[in-house]
Amino acid sequence: MISKQLFHNPVMVSECLHFLSPEPGKTYLDCTLGGGGHSLAILEATAGKALVIGLDMDPEAVSYSRERLSQFEGSVILKEANFIRAGEILKTLNVNAVDGLLCDLGVSSWQLEKEERGFSFQKEGPLDMRMNPKAGFTAADILNSWREDEILAVLKKGEVPLALRIAREIVRFRTKKSFHTTQDLVNFLRELRLPFRRTMHPATLVFQALRIAVNRELENLSILLSSLPDLLKPKGRAVFIAYHSLEDRLIKTAFRTFEQNGTFSVLTKKVVRPSEGEIAQNPRSRSARLRAAERR
Ligand SMILES: C[S@@+](CC[C@H](N)C(=O)[O-])C[C@H]1O[C@@H](n2cnc3c(N)ncnc32)[C@H](O)[C@@H]1O
């Protein structure tokens, strides 16, 4: 059993509860279950009398949360699945639409901390980065076998400075040696001596760009956003927490379009950030940006 502290510290829980305002008898979809912290908060707020459907494409998150939420058996349905399948999953459960939907994007602390998952440039591990380790391609696959223009597109999408030079050097490097581990990539970047900002490790944006590509994070988010009108009941609420501007921009734009076409009212006129107290207590929350909207 993984320790609860270690798995993940849920971010902006009281703000999520404020916007979702969960009630007994209602149904909530947690698209990114992780360590089950937000799902647990919804269940506790409703004394276990709401139904929570939790999805995660990481099997370790689902098995951990299954155990953590076991006291609420009967009020929880957990599935190992990509949230782009949310509509199809609700149909198999005979749920037409939900009263609240939460999507807390990004990676969990558990995924970041486990060196064998390869998410962190601060830990030695294989260059994997798949949230679902049973499917898809790894970060090493991208670096070792994708064409230069495809690698360039990955870096550009992740807004990595000097993307062209890095893509070119990756292709040159691999004629001599393959990328296998996180430290192969960190050392490669160090040797390039790129003039990155002092406050940011040069590997930060490159690792993030690879992770986004490996997990198709922006594509998945766009699909989920476009299916929101079908997933939520009238008056149903959606809460999204993003951790980088690429995701936040997609959410903001989708919400604005929904408001213009009259399907949703945006509840957060300005993005909501974690309190200073929360950031001090959980530094990983510092980049969180929350937006909420209500189905008309
Ligand atoms: C920040 S964590 C969520 C933490 C969670 N709210 C908690 O309280 O512990 C994000 C989780 O979303 C999952 N995830 C990311 N994209 C996903 C997708 N497209 N479908 C399903 N799960 C996804 C990741 O595997 C990770 O476990």
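Procedures and definitions
Residues numbered from 1 in each chain as written. Predicted model: local features only at pLDDT ≥ 70, side-chain atom pairs only at ≥ 80, totals over all residues. Heavy atoms only, no water. Helix = DSSP H or I, 4+ residues; strand = E, 2+ residues; numbered from the N terminus. Domains from an automatic or database assignment. Contact = heavy atoms within 4.5 Å. Buried area = accessible area lost by both parts, 1.4 Å probe. Pairing = 2+ DSSP bridges. Axes fitted to C-alpha atoms, helices over the stretch in contact; angles between N-to-C directions. Parallel < 35°, antiparallel > 145°, perpendicular 65-115°, else oblique. Left-handed = near helix turned anticlockwise from the far one by under 90°.

**Describing unusual backbone geometry**
Phase 1 of the analysis: Residues other than glycine seldom take positive phi values, yet Ala47 does so here, at roughly 50°.
Phase 2 of the analysis: One can find Ala47 in the loop between α3 (37–45) and β2 (51–56).
Phase 3 of the analysis: Even without being glycine, Leu162 reaches a positive phi, approximately 55°.

**Section: the domain arrangement of the protein**
Phase 1 of the analysis: For the protein, the assigned domains read domain 1 (4–110 + 217–295) and domain 2 (133–214).
Phase 2 of the analysis: One C-alpha centre belongs to domain 1, the other to domain 2, and the line joining them spans 30 Å.
Phase 3 of the analysis: The interface is formed by 11 residues belonging to domain 1 together with 8 residues belonging to domain 2.
Phase 4 of the analysis: Interface area for domain 1 against domain 2, summed over the two sides, is near 860 Å², with a carbon-plus-sulfur share of 50%.

**Here's the deal with the sheet that holds strand β4 (residues 98–104)**
Across a sheet, strands are paired by hydrogen bonds formed along the backbone, either parallel or antiparallel in direction.
Phase 1 of the analysis: Spatially, 7 strands are ordered β3-β2-β1-β4-β5-β7-β6 in an open sheet, and the strand pairing comes out mixed. Two strands lie at the open edges of the sheet, namely β3 (76–80) and β6 (264–266), each paired on one side alone. Direction aside, the axes of adjacent strands within the sheet are offset by 15° on average.
Phase 2 of the analysis: As defined by bridge partners, strand β5 (residues 232–242) adjoins strand β7 (residues 289–295) across 6 bridges and the pair is classed as antiparallel. Looking across to β7, one finds that Ile241 is bridged to Leu290.
Phase 3 of the analysis: Relative to the sheet, helix α2 (residues 13–20) contacts β1 (27–30), β4, β5 and β7, its axis offset from that of β5 by approximately 165°.
Phase 4 of the analysis: On the sheet, helix α12 (residues 217–231) packs against β4, β5, β6 and β7 and is oriented at approximately 160° with respect to β5.

**A few points about the packing of α2 against α3**
Phase 1 of the analysis: Relative to each other, α2 and α3 sit at 55°, their axes nearing to 10 Å. Here α3 runs oblique to α2, going by the angle between their axes. Note that α2 runs across α3; the crossing there is right-handed. Listed contacts from α3 to Val13, Cys16, Leu17 and Leu20 of α2 are His38, Ala41, Ile42 and Ala45.

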